[in-house]
Amino acid sequence: MTANPLRDLPSVDALLRTRAGEALVEEHGRQAVVEMLRAVLQEARAAGKVADQEGLLEIAAGRLGRPPSLRRVLNATGVIIHTNLGRAPLAEVAIERVGEVAAGYSTLEYDLVVGGRGSRHDHLSDLLSSLTGAEAGLAVNNNAAAVLLCLAATAGGGEVLISRGQLIEIGDGFRIPDILAQSGARLVEVGTTNRTSVADYRKAITNETRAILRVHQSNFRIVGFTAHPGLAALAEVAGGDLALIDDLGSGALLDLPDLLDEPPARASIEAGADLVCFSGDKLLGGPQAGIIVGTAAAVGRVKRHPLARAMRIDKLSLAALEATLELYRNPAQALAQIPVLRSLGEPAERVRERAERLCRRLGGELAATTAKVGGGALPLLELDSFACALEGGDELAAQLREGDPPVIARVQEGRVLLDCRTLSDEDCDLIRP
Ligand SMILES: *Cc1c(COP(=O)(O)O)cnc(C)c1O
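Computed from a prediction, not measured in an experiment: that's the story for all the values here.

The rules behind each value
- Residues numbered from 1 in each chain as written.
- Predicted model: local features only at pLDDT ≥ 70, side-chain atom pairs only at ≥ 80, totals over all residues.
- Heavy atoms only, no water.
- Helix = DSSP H or I, 4+ residues; strand = E, 2+ residues; numbered from the N terminus.
- Expected span 1.5 Å × (residues − 1).
- Buried < 20%, exposed > 50% of the residue type's maximum accessible area, 1.4 Å probe, protein only.
- Arc of directions from axis to C-beta.
- Salt bridge = Lys/Arg side-chain N within 4 Å of Asp/Glu carboxyl O.
- Domains from an automatic or database assignment.
- Contact = heavy atoms within 4.5 Å.
- Polar contact = N/O pair within 3.5 Å; in protein donor to acceptor, adjacent residues only side chain to side chain.
- Nonpolar A, V, L, I, M, F, W, Y, C, P; charged D, E, K, R; others polar.
- Axes fitted to C-alpha atoms, helices over the stretch in contact; angles between N-to-C directions.
- Left-handed = near helix turned anticlockwise from the far one by under 90°.
- Pairing = 2+ DSSP bridges.

(A) Summary view of helix α6 (residues 92–103). Taking 1.5 Å of rise per residue, the 12 residues of α6 would be expected to cover 16 Å, and the 17 Å separating its terminal C-alpha atoms lies within 8% of that figure. Buried within α6 are the following residues: Ala94, Val98 and Val101. The arc enclosing the buried residues of α6, seen along the axis, measures out at 75°, which places them on a common side. Summarising the geometry of α6, the exposed residues directed more than 90 degrees from the buried face are Glu92, Glu100 and Ala103.

Here is the structure:
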């Protein structure tokens, strides 16, 4: 006779009454423990396994004690702004500001001078003006929201002109034509994929035209026989009648020709754009946000649009963004303290030293690599970098992902590459083979 595994399994109640069961309830709450024990028992039953109380409780404890779903990882990919890995790490001062605002009440919508209601849209206006030369500015949930809001506020119900070379998909299904459709504005395509002229824009203007949208070709480049009018030329076409919107995508606040081939937001304002928008967590190095700067009139329309309420920024992001933007008042400070800019600007020699140390500790081999900016920014920019290369391929890469903290690495020709441009000294110390 064989034992009946079903009859031999303990009941949920019996498991709860054990010492270990009580300890689990204490830590995770009764509901969660009961559900987990049921699931574990069910699995044992389905597998026809005879399991003792201790074993079942251990399995349940292991699963209940799982790390959170959203957790810190180490980025060993060499992609600095990695959208899947949360884009930009925050500067120390930004993290502190978030802590302060999160821990208590704040002036989110309170005016200390008046002693009454204020607007969350006002916190960044002066700072953004001084950093970009714009008359006014605000931040919303992200740059996709910023583009949508700018279009809805200036061109809802009318037509928007955009070059065929700029009808792009940024990634993860974010397509400019779809955003346009959602804004209530009608898309009017101008020119061709590789060439669009000022005359193409002029020809397309009708009584219904409300705006011209220029979109930064974030994640690709068209090279060869190409031409697109500059923003100043488009400002002339727009005159005072049409709104000129410039979606910079990543956006930069500093002019860093040695580091980045990316004109700063100030250049778009100077060229005559009415509204300029860009992300908070790409090259800016702050939290997820969409930043909108422009003329007082255009920014005012954006603020008053009903969608602004649905796309507003939360207080924690706002706190991090203000602290990050404050760093930009002193460019040297921004370059030294904002992690994204620090990673970008770090001399390859220093990355090499870090990779060599990691190699010595893990028994790896030094490998020259190419790091990338990522985040749909500067697709052609390649940064000299160095990695610690380990034998072990996909299997080792999977093992590293199971570590605490998990390490996300690249596998190339059967070797795991730990790229040190995106790993700090402290990160490296946490990697265990
Ligand atoms: C990334 C990007 C966006 C979207 O920005 P999010 O902050 O990710 O919402 C919009 N436009 C361009 C050109 C971009 O590069």
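(B) Spatial organisation of the pattern of salt bridges. The tally for this structure, following the rule as stated, stands at 20 salt bridges. For aspartate 200, the salt bridge is made with lysine 203, and the minimal N-O distance between the two is 3.7 Å. Residue aspartate 200 and its partner lysine 203 are both found in helix α10 (residues 198–204); the two are separated by 3 residues, about one turn of the helix. Salt bridges here are not isolated pairs; linked through shared partners, they connect Glu346, Arg350, Arg354, Arg357 and Asp425.

(C) How the structure looks around the domain arrangement of the protein. Under the domain assignment used here, the protein contains domain 1 (5–64), domain 2 (74–84 + 341–430) and domain 3 (92–337). Counting residues at the interface gives 13 residues for domain 2 and 18 residues for domain 3. Where domain 2 meets domain 3, there are 0 salt bridges. Seen at the junction of domain 2 and domain 3, the total is 1 residue pair in polar contact (both at pLDDT 80 or more). Looking at the side of domain 2 that touches domain 3, the elements that each hand over two or more residues are α17 (339–345) and β15 (377–391). Element by element, the count of residues in the side of domain 2 that touches domain 3 is highest for β15, at 5 residues. Among the residues making up the side of domain 2 that touches domain 3, the classes are represented as 9 nonpolar, 3 polar and 1 charged.

(D) Layout of the packing of α6 against helix α15 (residues 315–327). It is the contact of α6 with α15, at a shortest axis distance of 8 Å, that shows an interaxial angle of 145°. Helix-helix and strand crossings are classified by hand; for α6 and α15 the assignment is right-handed. Every residue of α15 that contacts α6 at Val93, Ala94, Arg97, Val98, Val101 and Ala102 is listed here: Lys315, Leu316, Ala319, Ala320, Glu322, Ala323, Thr324, Glu326 and Leu327. Along the lines of polarity and charge, the residues of the contact of α6 with α15 split into 10 nonpolar, 1 polar and 4 charged.

(E) Seen up close, the environment of serine 119. Within the secondary structure layout, serine 119 lies in the loop between β4 (116–117) and α7 (125–132). On the basis of relative accessibility, which here comes to 30%, the residue serine 119 falls in the partly exposed class. Spatially, the C-alpha atom of serine 119 lies 4.8 Å from that of glutamate 109, the residues being 10 residues apart in sequence. A polar contact of 3.0 Å, which involves the side chain of serine 119, links it to the backbone nitrogen of histidine 121.

(F) How the structure looks around the side chain of serine 317. In this structure, serine 317 sits in helix α15. There is a polar contact of 2.6 Å between the side chain of serine 317 and the side chain of aspartate 314.

(G) The pairing of strand β5 (residues 136–140), seen in detail. The buried fraction of β5 amounts to 5 of the 5 residues, a majority that puts the element mostly inside the structure. Covered by surrounding structure in β5 are Ala136, Leu138 and Val140 together with Gly137 and Ala139, the residues of both alternating faces. Pairing of β5 with strand β13 (residues 290–294), which is carried by 5 bridges, proceeds in the antiparallel orientation. Paired with alanine 136 across the two strands is glycine 294, which belongs to β13.

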